[in-house]
Amino acid sequence: MPANKSDTIRKSWRAATRVVREGTHRSEWFETSEALYLNSGFVYDSAFDAEAAFSSKAPAKDQRFVYSRFGNPTNQMLEKRLAALEGAEACKVTASGMAAVFAALACQLKAGDRIVSARALFGSCHYIVTELLPRWGIESVLVDGGDLDQWKTALAKPTKAVFLETPSNPMLDLVDIKAVSKLAHKAGACVVADNVFATPMYQKPIALGADVVIYSATKHIDGQGRVLGGAVLGRQKWVDETLVPFLRHTGPTLSAFNAWVLLKGIETLPLRVEAQTRNALIIAKRLEKAREIERVYYPGLKSHPQYALARKQMKSGSTLVAFDVKGGKKAAFAFQDALQTIDISNNLGDVKSLISHPATTTHQRLPAEEKARLGIGPGSLRLSLGIEDPADLLEDIERALAAVRKAR
Ligand SMILES: *Cc1c(COP(=O)(O)O)cnc(C)c1O
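Criteria and cut-off values
- Residues numbered from 1 in each chain as written.
- Predicted model: local features only at pLDDT ≥ 70, side-chain atom pairs only at ≥ 80, totals over all residues.
- Heavy atoms only, no water.
- Domains from an automatic or database assignment.
- Buried area = accessible area lost by both parts, 1.4 Å probe.
- Salt bridge = Lys/Arg side-chain N within 4 Å of Asp/Glu carboxyl O.
- Polar contact = N/O pair within 3.5 Å; in protein donor to acceptor, adjacent residues only side chain to side chain.
- Helix = DSSP H or I, 4+ residues; strand = E, 2+ residues; numbered from the N terminus.
- Nonpolar A, V, L, I, M, F, W, Y, C, P; charged D, E, K, R; others polar.
- Contact = heavy atoms within 4.5 Å.
- 1 Å grid on protein atoms, 1.4 Å probe; cavity = no way out; pocket = protein on both sides within 12 Å on 5 of 7 lines; lining within 4 Å.
- Points joined across faces, edges and corners; volume = space filled by probe spheres on them.
- Pairing = 2+ DSSP bridges.
- Axes fitted to C-alpha atoms, helices over the stretch in contact; angles between N-to-C directions.
- Near = heavy atom within 4 Å.
- Areas by Shrake-Rupley, 256 points an atom, 1.4 Å probe, with all protein chains shown as cover.
- Sits in = over half its atoms within 2 Å of the grid points.

Caption draft 1: Focus on the domain arrangement of the protein chain. Along its sequence, the protein chain is organised into domain 1 (7–266) and domain 2 (269–407). Between the C-alpha centres of domain 1 and domain 2 there is a distance of 28 Å. Carbon and sulfur atoms supply 62% of the area buried between domain 1 and domain 2, which totals about 3300 Å² over both sides. Where domain 1 touches domain 2, the interface holds two salt bridges. The salt bridge partner of Lys312 is Asp176, with a shortest N-O separation of 3.7 Å. Scanning the region where domain 1 abuts domain 2 turns up 16 residue pairs in polar contact (both at pLDDT 80 or more). For the side of domain 1 that touches domain 2, the secondary-structure elements that each account for two or more residues are α2 (15–21), α6 (123–135), α8 (177–186), α9 (199–202), α11 (218–222) and α13 (256–266). Counting residues per element, the side of domain 1 that touches domain 2 draws most heavily on α11, which supplies five residues. Tallied by class, the residues present in the side of domain 1 that touches domain 2 amount to 23 nonpolar, 13 polar and six charged.

Caption draft 2: Structural view of the side chain of Asn169. In this fold, Asn169 is placed in the loop between β4 (161–165) and α8. Ignoring any residue separated from it by four or fewer positions in sequence, one finds Asn169 in contact with Leu121, Phe122, Phe197, His363 and Arg382.

Caption draft 3: Representation of empty space enclosed by the protein in the model. Within this structure, the stated rule accounts for two cavities of 30 Å³ or more. The calculated volume of the largest cavity comes to roughly 110 Å³. For the largest cavity, the lining is made up of 15 residues, of which Arg69, Phe70, Lys92, Val93 and Thr253 are closest to its centre. Residue assignment for the lining of the largest cavity shows that the elements contributing at least two residues are α4 (73–86), β1 (90–94) and α12 (236–250). With three residues, α12 is the largest single contributor of residues to the lining of the largest cavity. Here the residues of the lining of the largest cavity are counted per class, giving six nonpolar, five polar and four charged. Within this model, the second largest cavity holds a volume of roughly 30 Å³. For the lining of the second largest cavity, the secondary-structure elements that each account for two or more residues are α9, β6 (212–216) and α11. With three residues, α11 is the largest single contributor of residues to the lining of the second largest cavity.

Caption draft 4: Layout of the sheet that holds strand β11 (residues 354–356). Strand order across the open sheet formed by five strands is β8-β9-β12-β11-β10, with mixed pairing between neighbours. Since the sheet does not close on itself, it has two edges, and those belong to β8 (293–297) and β10 (343–344), each with one partner. Of the pairings in the sheet, the one linking β8 to strand β9 (residues 320–325) comprises four bridges and is antiparallel in character. Within the sheet, the bridge partner assigned to Ile293 lies in β9 and is Val325. The strands that helix α16 (residues 328–338) touches are β8, β9, β10, β11 and β12 (380–384); relative to β9, the one it contacts most, it runs at about 130°.

Caption draft 5: Seen up close, the site of the ligand. Lining the immediate surroundings of the ligand are 13 residues, of which Gly97, Asp194, Ser216, Thr218 and Lys219 lie closest. The backbone of Gly97 places a nitrogen or oxygen atom 2.8 Å from an oxygen atom of the ligand. Between the ligand and Ser216, the relevant distance is 2.8 Å, taken from an oxygen atom to a side-chain nitrogen or oxygen of the residue. Protein chains shield 92% of the accessible area of the ligand, which is 380 Å² for the free molecule. Of the pockets mapped on this structure, the ligand occupies the second largest pocket. Taken together, the elements giving at least two residues each to the shell around the ligand come down to α5 (97–106) and α11.

Below, the structure written as structure tokens:
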């Protein structure tokens, strides 16, 4: 095995270096790019070696891969890279972001436990918290994530887990991670933060007090619309003792091929997110001035009601912008249908700019009063900015605004 780089220098690497260099484990062939180990199983030199490989008493240096459901060299490279970027002790990757959310909660909750969650959640996260967990005897309480008094009241009782997403999908509401983590820990809860919208570049939930961070790697980490993936990050002890047994025996394993694609994707994450955020700010500013637009929600603009909190806990705005078109559904549909460059799609974090109408797509199944509470109106649109030339995006927005005027 080729010698690895100096550990001291490795630890001082900055994010842009980490995303291309951390976790790389070269084989006997000294390949430049990370190798793809597309195998399900592993072989042993002897029956004795097989027995030793399955012994949990084996010292860490002798631990080896036994089956790709449990671990795989390509997946492990991605796990090391993500952990280093996040500043987390340990990481496990999963087949999708939802597998990561579900595993992070289900591995630690049992009947009789209580979970408190911010109400502004990705549609499927909302289903897990409000439908699936209660079915298994877990009490589930929702609060308005931006209201610390509601958190205080809800966390006055012993609680096992807190789940939050900030900025939230789709309306970019923020939760004060530091303040909520403090309250949660007093109640005995493990804080699980969905950091998809902020990306590892802009927000470090663990440094702010969260215990566990989850990602849909499908979004910015791939960022090029190719594969699904997810990740759970946290303390080594929690990952080894609580998360890993759940993952090993239930099998939401990431394919090594997808892990390899994500290893390539993450190398350009800082460059893409920076370019996407630059475009997002340009578009948000234009939309803010448009007479056809009722309101713009962008954490990087002073008009965001939680701008001060955004400045405090995030390094930058976001690659997404949400806004309400005047004239409701008809106007919002006219806006989308007039776009010639931006695609209508419910994915996000992609290098291609994508727009969606949450009320009729990702959040269609939410009850009307819950939509209203979350601020998802008939005219609300969520725009995920890509890396296209901003001039082309601005021209597309002008086309859409003209169509809104016509539709009224
Ligand atoms: C997309 C998304 C998820 C789910 O991830 P998948 O990879 O689609 O399973 C979870 N949380 C947020 C905030 C998301 O945007």
